[in-house]
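A closer look at the structure
Residue-level listing of the chains:
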Amino acid sequence: MSDRVLRIREALAEGLDTDDIAIRDDSHLHRGHEGAKTGLGHFHVTIRSPRFTGTSPIERHRLVYEALGSLMQTDIHAVQIRALAPEE
(Lines give C-alpha, C1' and ligand atoms only; values in the text may rest on other atoms or scores of the structure.)
Protein backbone atom coordinates (compact mmCIF):
# COMPACT_ATOMS: atom_id res chain seq x y z
CA MET A 1 0.00 0.00 0.00
CA SER A 2 1.41 3.40 -0.96
CA ASP A 3 2.14 6.19 1.51
CA ARG A 4 -0.60 8.28 -0.09
CA VAL A 5 -3.19 5.56 0.40
CA LEU A 6 -2.08 5.19 4.02
CA ARG A 7 -2.41 8.95 4.62
CA ILE A 8 -5.87 8.97 3.02
CA ARG A 9 -6.95 5.96 5.10
CA GLU A 10 -5.71 7.57 8.33
CA ALA A 11 -7.42 10.89 7.59
CA LEU A 12 -10.76 9.22 6.79
CA ALA A 13 -10.61 6.84 9.77
CA GLU A 14 -9.87 9.71 12.13
CA GLY A 15 -12.23 12.25 10.59
CA LEU A 16 -15.19 9.93 10.11
CA ASP A 17 -14.73 7.53 13.00
CA THR A 18 -14.63 4.31 10.97
CA ASP A 19 -12.33 1.47 9.99
CA ASP A 20 -14.51 0.24 7.09
CA ILE A 21 -12.63 1.92 4.25
CA ALA A 22 -11.53 0.66 0.84
CA ILE A 23 -9.21 2.82 -1.24
CA ARG A 24 -8.10 2.13 -4.80
CA ASP A 25 -5.33 4.16 -6.41
CA ASP A 26 -6.38 4.74 -10.02
CA SER A 27 -3.56 7.18 -10.80
CA HIS A 28 -2.03 4.86 -13.40
CA LEU A 29 -5.24 5.11 -15.44
CA HIS A 30 -4.78 8.87 -15.84
CA ARG A 31 -1.27 9.11 -17.25
CA GLY A 32 -1.16 11.95 -19.73
CA HIS A 33 -4.27 13.56 -18.22
CA GLU A 34 -3.73 17.27 -17.57
CA GLY A 35 -4.39 16.88 -13.84
CA ALA A 36 -1.92 14.00 -13.55
CA LYS A 37 0.94 16.28 -14.61
CA THR A 38 0.95 17.82 -11.13
CA GLY A 39 1.88 14.48 -9.59
CA LEU A 40 -1.30 14.33 -7.53
CA GLY A 41 -3.27 11.08 -7.53
CA HIS A 42 -6.67 9.78 -8.61
CA PHE A 43 -8.44 7.60 -6.07
CA HIS A 44 -11.67 5.66 -5.54
CA VAL A 45 -12.89 5.52 -1.93
CA THR A 46 -15.65 3.38 -0.44
CA ILE A 47 -16.35 4.28 3.17
CA ARG A 48 -19.03 3.25 5.65
CA SER A 49 -19.60 5.51 8.65
CA PRO A 50 -22.32 6.18 11.20
CA ARG A 51 -21.71 9.88 10.47
CA PHE A 52 -23.52 9.35 7.14
CA THR A 53 -26.79 8.18 8.72
CA GLY A 54 -29.58 10.57 7.77
CA THR A 55 -27.43 12.66 5.44
CA SER A 56 -27.76 13.37 1.74
CA PRO A 57 -25.14 12.28 -0.80
CA ILE A 58 -23.87 15.86 -1.04
CA GLU A 59 -23.49 16.10 2.75
CA ARG A 60 -21.60 12.80 2.76
CA HIS A 61 -19.19 14.05 0.12
CA ARG A 62 -18.64 17.25 2.10
CA LEU A 63 -17.81 15.19 5.18
CA VAL A 64 -15.30 13.12 3.20
CA TYR A 65 -13.64 16.23 1.73
CA GLU A 66 -13.52 17.79 5.19
CA ALA A 67 -11.84 14.66 6.60
CA LEU A 68 -9.31 14.64 3.74
CA GLY A 69 -8.43 18.26 4.48
CA SER A 70 -5.08 19.38 3.10
CA LEU A 71 -4.55 16.04 1.31
CA MET A 72 -6.80 17.50 -1.40
CA GLN A 73 -3.99 19.99 -2.17
CA THR A 74 -0.93 17.82 -1.49
CA ASP A 75 -1.84 14.27 -2.60
CA ILE A 76 -5.20 14.09 -4.38
CA HIS A 77 -6.19 15.46 -7.77
CA ALA A 78 -9.48 13.56 -7.97
CA VAL A 79 -11.44 11.23 -5.72
CA GLN A 80 -14.48 9.16 -6.57
CA ILE A 81 -16.53 8.63 -3.40
CA ARG A 82 -18.96 5.90 -2.40
CA ALA A 83 -20.14 6.90 1.10
CA LEU A 84 -22.49 4.57 2.97
CA ALA A 85 -24.26 4.59 6.32
CA PRO A 86 -23.88 1.38 8.40
CA GLU A 87 -27.36 0.11 7.46
CA GLU A 88 -26.67 0.42 3.72
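Our structure is the block above this text.
Okay, so let's go over this structure.

Reading guide: rules and limits
Residues numbered from 1 in each chain as written. Predicted model: local features only at pLDDT ≥ 70, side-chain atom pairs only at ≥ 80, totals over all residues. Heavy atoms only, no water. Pairing = 2+ DSSP bridges. Helix = DSSP H or I, 4+ residues; strand = E, 2+ residues; numbered from the N terminus. Axes fitted to C-alpha atoms, helices over the stretch in contact; angles between N-to-C directions. Contact = heavy atoms within 4.5 Å. Parallel < 35°, antiparallel > 145°, perpendicular 65-115°, else oblique. Left-handed = near helix turned anticlockwise from the far one by under 90°. Nonpolar A, V, L, I, M, F, W, Y, C, P; charged D, E, K, R; others polar. Expected span 1.5 Å × (residues − 1). Salt bridge = Lys/Arg side-chain N within 4 Å of Asp/Glu carboxyl O. Buried < 20%, exposed > 50% of the residue type's maximum accessible area, 1.4 Å probe, protein only.

Moving on, we get to the sheet that holds strand β3 (residues 76–84). Read from one edge to the other, the open sheet built from 3 strands follows the order β1-β2-β3, with strand pairing classed as mixed. Either end of the sheet is taken by a strand with one partner, and the two such strands are β1 (21–25) and β3. If you compare each strand with its neighbour and ignore which way they point, the axes differ by 15 degrees on average. Here strand β2 (residues 41–48) runs beside β3; their pairing, made up of 8 bridges, is parallel. Residue Phe43 lies in a different strand from β3, and its bridge partner there is Val79. Where helix α2 (residues 57–68) meets the sheet, it contacts β2 and β3, and its direction lies at approximately 130 degrees from that of β3.

So, on to the packing of helix α1 (residues 3–16) against α2. Where α1 meets α2, the axes come as close as 8 Å, and the angle between the chain directions of the two elements is 120 degrees. With respect to their mutual orientation, α1 and α2 come out oblique. Both α1 and α2 take part in a crossing whose hand is right-handed. Taken together, the residues of α2 that come into contact with α1 (itself represented by Ile8, Ala11, Leu12, Gly15 and Leu16) are Leu63, Val64, Ala67 and Leu68. Classifying every residue of the contact of α1 with α2 gives 8 nonpolar, 1 polar and no charged.

Further remarks concern α2. If you check α2, its first and last C-alpha atoms are 17 Å apart, about what 12 residues at 1.5 Å a residue would give, namely 16 Å. In this fold, the buried residues of α2 make contact with α1, β2, α3 (71–74) and β3. Among the residues trailing α2, Gly69 stands out with phi positive, at a value near 50 degrees.

All right, on to the environment of Gln73 then. Along the polypeptide, Gln73 turns up in helix α3. Distance from Gln73 to Leu40, taken between C-alpha atoms, is 8.2 Å for residues 33 residues apart in sequence.

What follows covers the pattern of salt bridges. Taken as a whole and judged by the stated rule, the model has 5 salt bridges. Between Asp75 and Arg4 there is a salt bridge, with its nearest N and O atoms 3.4 Å apart. Linking Asp75 in the loop between α3 and β3 with Arg4 in helix α1, this pair joins segments that are 71 residues apart in sequence. Exposure remark for Asp75: the relative accessible area of 6% places this residue in the buried category. Across the pair Asp20 and Arg48 runs a salt bridge whose closest N-O atoms are separated by 3.2 Å. In this pair, Asp20 sits in the loop between α1 and β1 while Arg48 sits in strand β2, placing the two residues 28 residues apart along the sequence. Residue classification places Arg48 among the partly exposed positions, given a relative accessible area of 25%. Bridged by salt links that share partners, the residues Arg4, Arg7 and Asp75 form one connected network.

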